[in-house]
Amino acid sequence: MGTYFEWVADLDATEAEARELGQRVVDALVARGVLLPEVSPAAALGGDGHPPGKAWADTLAGSVAGSVSGEAPWGMSVGVGREVYDGGQGDVDTVTCPRCSVRRSFFGPPEEFGPTCSDEDGLRWFHDAAVAWRDGGDGVGNGDGDGETDLVCRECGAASPVTEWSANDAALACLGFTFWSWDELGPQVIDWVAEATGGHRIVHGSGKV
């Protein structure tokens, strides 16, 4: 069991502008009939969210005319402030260096990663940096992964803020939107959010808690 969700994150929003931009996105989705303007604790897990509007199915991927489950979703919550958006199961498996563009995988065959088939140190390295950033850190460290928010690339040796690294199925952002108990979002939703935020870089993922 569990609760499935879709998330959309704005990679360019700053902490200072996140609240205003979040309201712009809500207003845009309300105008499309996708959301209702009021908030309700029944629309989100662990907080308040906007219930779905009559046109919520317009957000779905493909030409689906309704929910895969046959039921309306809960709603959408707005996340303002530093947050790590992912699949909820610790399933980030690759990151890409912003300097040399080399991808680092955290999972693979036993001959490369050992009997666990995973780079546990690498996973902790990324996770710890992401959490340190979420909790307010900004400093350059020495590469030992202890409360640092900068990651050192093993390929080129450059240290870069964790927010500049690209992670599959994850994003570090100051503004995000979580669609609770929602079926797969279509690319049109990314376009709507990008338009409402003035052309910001928008990424999308899904997960389960």
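Below: a short report on this structure. It should be emphasised that the depicted structure is a prediction, and the values quoted were computed from it without experimental measurement.

So, on to the sheet that holds strand 2 (residues 75-85). Taken in spatial order, the four strands line up as 2-8-1-9 in an open sheet, and their pairing is antiparallel. The open sheet terminates on both sides in strands that have one partner only, identified here as strand 2 and strand 9 (202-208). Between one strand axis and the next, the sheet turns through 25° on average, direction left out of account. Inspection of the sheet shows strand 1 (residues 4-10) paired to strand 9 by seven bridges, in the antiparallel sense.

Grouped burial of nonpolar side chains is what soluble globular proteins tend to show. Residues Val8, Leu29, Met76, Phe177, Phe179, Trp182 and Val193 are the most contacted members of the largest nonpolar core, which totals 25 residues. Elements with a contribution of two residues or more to this core: helix 1 (18-31), strand 8 (171-180) and helix 4 (187-196). A per-element tally of this core places helix 4 first, with six residues. Residues in contact with Phe177, not counting those within four places in the same chain, are Glu6, Trp7, Val8, Gly22, Val25, Met76, Ser77, Val78 and Val193. With 17 residues, the next largest nonpolar core counts Trp133, Cys153, Leu172 and Cys174 among its residues.

Let us now look at the sheet that holds strand 3 (residues 94-96). Pairing within the open sheet is antiparallel, and its three strands lie in the order 4-3-7. Each of the sheet's edge strands pairs with one partner strand only, and the pair in question is strand 4 (103-105) and strand 7 (166-167). Of the pairings in the sheet, the one linking strand 3 to strand 7 comprises two bridges and is antiparallel in character. Counterpart to Thr96 in the pairing with strand 7 is Ser166.

One pass over the full model with this rule turns up eight salt bridges. Linking Arg201 and Asp12 is a salt bridge whose minimum nitrogen-to-oxygen distance equals 2.8 Å. Taken together, the residues span a long stretch of sequence, with Arg201 in the loop between helix 4 and strand 9 and Asp12 in the loop between strand 1 and helix 1 at a distance of 189 residues. We classify Asp12 as partly exposed; its relative accessible area is 29%. The salt bridge involving Asp119 is made with Arg104; its shortest N-O contact spans 2.9 Å.

This part takes up the environment of Val95. With respect to the helices and strands, the residue Val95 is situated in strand 3. A C-alpha to C-alpha distance of 9.8 Å links Val95 and Leu123, two positions 28 residues apart in sequence. Leave out the neighbours within four places in its chain, and Val95 touches Val102, Arg103, Arg104, Phe106, Trp125, Phe126, Trp165, Ser166 and Ala167.

Aromatic rings considered in pairs are described by the distance between their centres and by the relative angle of their planes. All chains considered together, the criterion is met by five aromatic pairs. Taking 5.4 Å as the distance between ring centres and 55° as the angle between the ring planes, the aromatic pair formed by Phe5 and Trp180 counts as tilted. Remark: Trp180 occurs in strand 8 and Phe5 occurs in strand 1; sequence separation between them is 175 residues. Accessibility assignment for this pair places Phe5 and Trp180 in one class, buried. Seen from their ring centres, Trp125 and Trp165 are 5.6 Å apart, and the 90° between their planes marks the pair as edge-to-face. Residue Trp125 is located in helix 3 (residues 120-134), and its partner Trp165 is located in the loop between strand 6 (159-161) and strand 7; the two are separated by 40 residues in the primary sequence. With respect to burial, Trp125 and Trp165 carry one shared label: buried. One Lys or Arg, Arg104, reaches over the ring of Trp125 and ends 4.3 Å from the middle of that ring.

The rules behind these values
- Residues numbered from 1 in each chain as written.
- Predicted model: local features only at pLDDT ≥ 70, side-chain atom pairs only at ≥ 80, totals over all residues.
- Heavy atoms only, no water.
- Pairing = 2+ DSSP bridges.
- Helix = DSSP H or I, 4+ residues; strand = E, 2+ residues; numbered from the N terminus.
- Axes fitted to C-alpha atoms, helices over the stretch in contact; angles between N-to-C directions.
- Core = buried A, V, L, I, M, F, W, Y, C linked by side-chain atoms within 4.5 Å.
- Buried < 20%, exposed > 50% of the residue type's maximum accessible area, 1.4 Å probe, protein only.
- Contact = heavy atoms within 4.5 Å.
- Salt bridge = Lys/Arg side-chain N within 4 Å of Asp/Glu carboxyl O.
- Phe/Tyr/Trp six-rings, centres within 6.5 Å; stacked < 30°, edge-to-face > 60°.
- Lys NZ or Arg CZ within 6 Å of the ring centre and 35° of its normal.

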